[in-house]
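# An overview of the molecular structure
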Amino acid sequence: MLTLIAFEAAAGSSRPNIVFIFSDDHAVNAIGAYGSRINQTPNIDRIAREGTILLNNMCGNSICGPSRATVLTGLHSHANGFKKNGDEFNGAQRTFPKLLQQGGYETAVIGKWHLTSEPTGFDHWDVSTGQGSYYNPTFISSEGRHRIFGYTTDIVTDLSIRWMQEERDSEKPFLLMCQFKAPHRNWMPNIKYLNQYDGEQIPEPATLLDNFEGRTSSIRKNSMMIGRHMRLMGDLQLDHPNPNNAYDVKSRKTDTYSRLSPEQRRQWYMAFAPKNAAFYEANLEGEDLVRWKYQRYIKNYLRCITSVDENVGRILDYLDWAGLAENTLVIYSSDQGFYLGEHGFFDKRWMYEESLRMPFVARWPGVIPAGSKVSEITQNIDFAPTFLEVAGLTPPDDMHGRSALGLLRGESAPDWRDSIYYHYYEEGGHGVARHEGVRTDRYKLIHFYDVDEWEFYDLEQDPNEMMSRYGDPQYAAPIEALRAELDSLKSTYGVD
Ligand code: SGN
Ligand code: CA
């Protein structure tokens, strides 16, 4: 059974609320607090400024369902059973929301779930069906399906605020998991931001035109290139809706705009029709076409983030107004990172930095020192034990992760881990081969085990991972050390 450990929060004797704001595919490279060169996120940055930022936080399997299953269980994919999207999460297993609930917390999850089975361990749940829709989305709760008119990120926030204000048991501390669909593919912004960034050039990543020299055949076989694989129709709005037909043929086929109201369709037409006419006029080819596609993609991705950030601001504002800010741990994170044109990619899955890294900023006044930074290597296996300790509960010993509360408080942890284990299991999605690997503060070793190809990077010398050093005699010692570390991590976590 759970034991309550002595709870000593500077903020008071009552156990804190936990508001976990989680988005989908938000890369650190598109967050101001992480040094974004391409956008501003004042509200997410506010959490970091008034709290802390985990600078080296990573996932264990860079894909949606698996990352979420790990967050809930504190276990790597092989142990929680959810290795790839489409698997069914075993809701009978131990999760941190269940332990919080048993420990006296009121619990809720609102927004994207994507774990196939119904949520368990929540007093209240109201989640998107599947991936969810950007416009006029359908939700499913214990009472059945319902559809709400409006824009997804606003709606998930409305439902979250309503639950905190009107629906929860206010006698209990609470856990709210507020989980946005955005900025997931196909990057549909809110009407009011359809013209944000018009006339601007968003800086390109240095590796947009990567030719994959110096790496294995595995990276070349991908199907996630902005140039070759991102669709002009569906992904890049060249099929803007026809405002005169309720459902034109293209919309019905791709389902891109079929959920939009006539007025929403008209706004989309006004925003994209002129830009699309200019695109056809220009007749771009080759690198020029890749650069145009990058601009169209990144602007829509960033417009989606504008709504995410705005709604993070609404939640912070609500917590202030309701007098909850002082005794609430609020976190902003995302299920994995994403490629914003680095290596010419979109999507995630690889163990390369941009999708491996997960944002994590957290504020808890009086406990987390304002403006602090954590450099230790943390991972999504640590979320569950951290939240349990925050709630005054003892994290079970057999969770793979470890509570990072001490790090969040600004304490040093000399025996903190110095490497993480990674394993991507899906076969074929976006042409990414299965792989596992290990990363330390300086080095990364990746094994594409189906084809037995290895890559090794010195992140200090080569932060963009453009040259694998596997087999380079100069790196013989660290390569051997990382191979041993990989074996050791697998035995620690019980990987077959
Ligand atoms: C969809 C997307 C993919 C994406 C997966 C997984 N295609 O299938 O690009 O990799 O989701 O995303 S789309 O045409 O439907 O947009 S995840 O976040 O759920 O893991
Ligand atoms: Ca995701």
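Just so we're clear, the structure is a prediction, and the values are computed from it rather than from any experiment.

## Digging into the sheet that holds strand β8 (residues 328–334)
Taken in spatial order, the ten strands line up as β6-β5-β4-β3-β7-β1-β8-β9-β2-β10 in an open sheet, and their pairing is mixed. What marks the edges here is a single partner per strand, and that holds for β6 (144–147) and β10 (372–379). Put simply, the sheet's adjacent strands are angled 20° from each other on average, direction ignored. Its contacts with the sheet place helix α1 (residues 42–50) against β2 (52–58), β8 and β9 (360–363), and it is angled at close to 60° to β9.

## Quick word on the packing of aromatic side chains
In this structure the tally under the stated criterion is 32 aromatic pairs. Measuring from centroid to centroid gives 6.3 Å for Tyr-421 and Tyr-493, while their planes differ by 40°, and the two rings are tilted. In this pair, Tyr-421 is assigned in strand β11 (residues 419–424) and Tyr-493 in helix α14 (residues 476–493), connecting sequence segments 72 residues apart. On the basis of relative accessibility, which here comes to 1%, the residue Tyr-421 falls in the buried class. A network of ring pairs unites the aromatic residues Phe-212, Tyr-339, Phe-345, Trp-350, Tyr-352, Phe-448 and Tyr-457 as a single cluster.

## Some details on the coordination of the calcium ion (ligand 2)
At 2.1 to 2.8 Å from the calcium ion (ligand 2) lie its protein donor atoms, namely Asp-24 (OD), Asp-25 (OD), Asp-335 (OD), Asp-335 (OD) and Gln-336 (OE1). Considering all six donor atoms around the calcium ion (ligand 2), angles at the metal cover 50 to 171° and the coordination shape is irregular. One chain supplies every donor to the calcium ion (ligand 2), and in sequence these donors are spaced D-D-x309-D-Q. Placement of Asp-24 in the loop between β1 (17–23) and α1 and of Asp-335 in the loop between β8 and α11 (353–356) is noted, with a sequence separation of 311 residues between them. When sorted by exposure, Asp-24 lands in the same class as Asp-335, which is buried.

## Looking at α14
The end-to-end C-alpha distance of α14, which contains 18 residues, comes to 26 Å, matching closely the 26 Å that a straight helix rising 1.5 Å per residue would cover. Along α14, the residues classified as buried are Pro-478, Ile-479, Leu-482, Leu-486, Leu-489, Lys-490 and Tyr-493. The arc enclosing the buried residues of α14, seen along the axis, measures out at 115°, which places them on a common side. Those residues of α14 that are exposed and aimed more than 90 degrees away from the buried face are Ala-477, Glu-480, Asp-487, Ser-491 and Thr-492. Among the structural elements, α3 (77–80), β11, β12 (435–440), β13 (443–448) and β14 (453–458) are those in contact with the buried residues of α14. Once α14 finishes, Gly-494 follows within two positions and takes phi at roughly 70°, a positive value.

## A word on the site of ligand 1
If you check the shell around ligand 1, you find 15 residues, and the closest are Asn-85, Gln-131, Asp-347, Arg-349 and His-430. For ligand 1, an oxygen atom lies 2.9 Å from a polar atom in the side chain of Arg-185. Note that an oxygen atom of ligand 1 is positioned 3.2 Å from one of the side-chain N or O atoms of Arg-231. Notes on ligand 1: free accessible area 450 Å², of which the protein chains cover 77%. A breakdown of the residues in the shell around ligand 1 according to their chemical character gives two nonpolar, five polar and eight charged.

## Brief notes about the pattern of salt bridges
Applying the stated criterion to the full structure yields 34 salt bridges. The residue Glu-50 makes a salt bridge to Arg-46 at a minimum N-O spacing of 2.9 Å. Separated by four residues within a single helix, Glu-50 and Arg-46 lie in helix α1, roughly one turn from each other. Residues joined by salt bridges that share partners form a network here, namely Asp-25, Asp-347, Lys-348, Arg-349 and Glu-426.

## Quick word on the packing of helix α5 (residues 152–167) against helix α10 (residues 286–321)
Where α5 meets α10, the axes come as close as 9 Å, and the angle between the chain directions of the two elements is 15°. On the basis of the axis angle, α5 is roughly parallel to α10. Two packed elements cross with a definite hand, and for α5 against α10 that hand is right-handed. Across the interface between the two elements, Thr-153, Asp-154, Thr-157, Asp-158, Ile-161, Met-164 and Gln-165 of α5 pack against Ser-307, Val-308, Glu-310, Asn-311, Arg-314, Ile-315, Tyr-318, Leu-319 and Trp-321 of α10. For the contact of α5 with α10, the per-class residue count stands at seven nonpolar, five polar and four charged.

## Observations regarding the state of the cysteines
Evaluated as defined, the whole model comprises zero disulfides. The thiol of Cys-178 is unpaired, and the distance to the nearest cysteine sulfur, on Cys-64, comes to 15 Å. For the unlinked cysteine Cys-304, the closest cysteine sulfur is that of Cys-64, found at 15 Å. What makes Cys-304 buried here is its relative accessible area of 0%.

## Remarks on α1
Those residues of α1 that sit buried are Ile-44, Asp-45, Arg-46, Ile-47 and Ala-48. Those residues of α1 that are buried are in contact with β2, α10, β8 and β9.

## Quick look at the nonpolar core
In terms of nonpolar packing, the biggest core is built from 131 residues, with Phe-96, Met-164, Tyr-297 and Tyr-301 touching the most fellow members. For this core, the element with the most residues is α10, which contributes 14 residues. Each residue touching Phe-96, except ones within four places of it in the same chain, is listed here: Val-71, Leu-72, Leu-175, Met-177, Ala-384, Phe-387 and Leu-388. Judged by nonpolar contacts, the second largest core, of 14 residues, contains Tyr-421, Tyr-443, Trp-454 and Leu-489.

## Examining the domain arrangement of the protein chain
Each assigned domain of the protein chain is listed here: domain 1 (17–186 + 303–412), domain 2 (194–201 + 226–296) and domain 3 (422–493). Distance from the C-alpha centre of domain 1 to the C-alpha centre of domain 3: 27 Å. The interface of domain 1 with domain 3 comprises 27 residues on the first partner and 26 residues on the second. Of all residues in domain 1, Arg-349, Met-351 and Tyr-352 give up the largest surface area on contact with domain 3, accounting jointly for 33% of the area buried on that side. At the junction of domain 1 and domain 3, the tally comes to three salt bridges. When the shortest N-O distance is used, the salt bridge between Glu-353 and Lys-444 registers 2.7 Å. Where domain 1 packs against domain 3, one counts 15 residue pairs in polar contact (both at pLDDT 80 or more). Mapped by element, the contributors of at least two residues to the side of domain 1 that touches domain 3 are β2, α3 and α11. Considering every element that reaches the side of domain 1 that touches domain 3, the biggest residue donor is α11, with three residues.

Reading the values: the criteria
Residues numbered from 1 in each chain as written. Chains lettered and ligands numbered in written order. Predicted model: local features only at pLDDT ≥ 70, side-chain atom pairs only at ≥ 80, totals over all residues. Heavy atoms only, no water. Pairing = 2+ DSSP bridges. Helix = DSSP H or I, 4+ residues; strand = E, 2+ residues; numbered from the N terminus. Axes fitted to C-alpha atoms, helices over the stretch in contact; angles between N-to-C directions. Contact = heavy atoms within 4.5 Å. Phe/Tyr/Trp six-rings, centres within 6.5 Å; stacked < 30°, edge-to-face > 60°. Buried < 20%, exposed > 50% of the residue type's maximum accessible area, 1.4 Å probe, protein only. Donors = N, O, S within 2.8 Å, 3.2 Å for Na, K, Ca; no water. Tetrahedral: all angles 85-135°; square planar, octahedral: opposite > 155°, others 65-115°. Expected span 1.5 Å × (residues − 1). Arc of directions from axis to C-beta. Near = heavy atom within 4 Å. Polar contact = N/O pair within 3.5 Å; in protein donor to acceptor, adjacent residues only side chain to side chain. Areas by Shrake-Rupley, 256 points an atom, 1.4 Å probe, with all protein chains shown as cover. Nonpolar A, V, L, I, M, F, W, Y, C, P; charged D, E, K, R; others polar. Salt bridge = Lys/Arg side-chain N within 4 Å of Asp/Glu carboxyl O. Parallel < 35°, antiparallel > 145°, perpendicular 65-115°, else oblique. Left-handed = near helix turned anticlockwise from the far one by under 90°. Disulfide = S-S within 2.5 Å. Core = buried A, V, L, I, M, F, W, Y, C linked by side-chain atoms within 4.5 Å. Domains from an automatic or database assignment. Buried area = accessible area lost by both parts, 1.4 Å probe.

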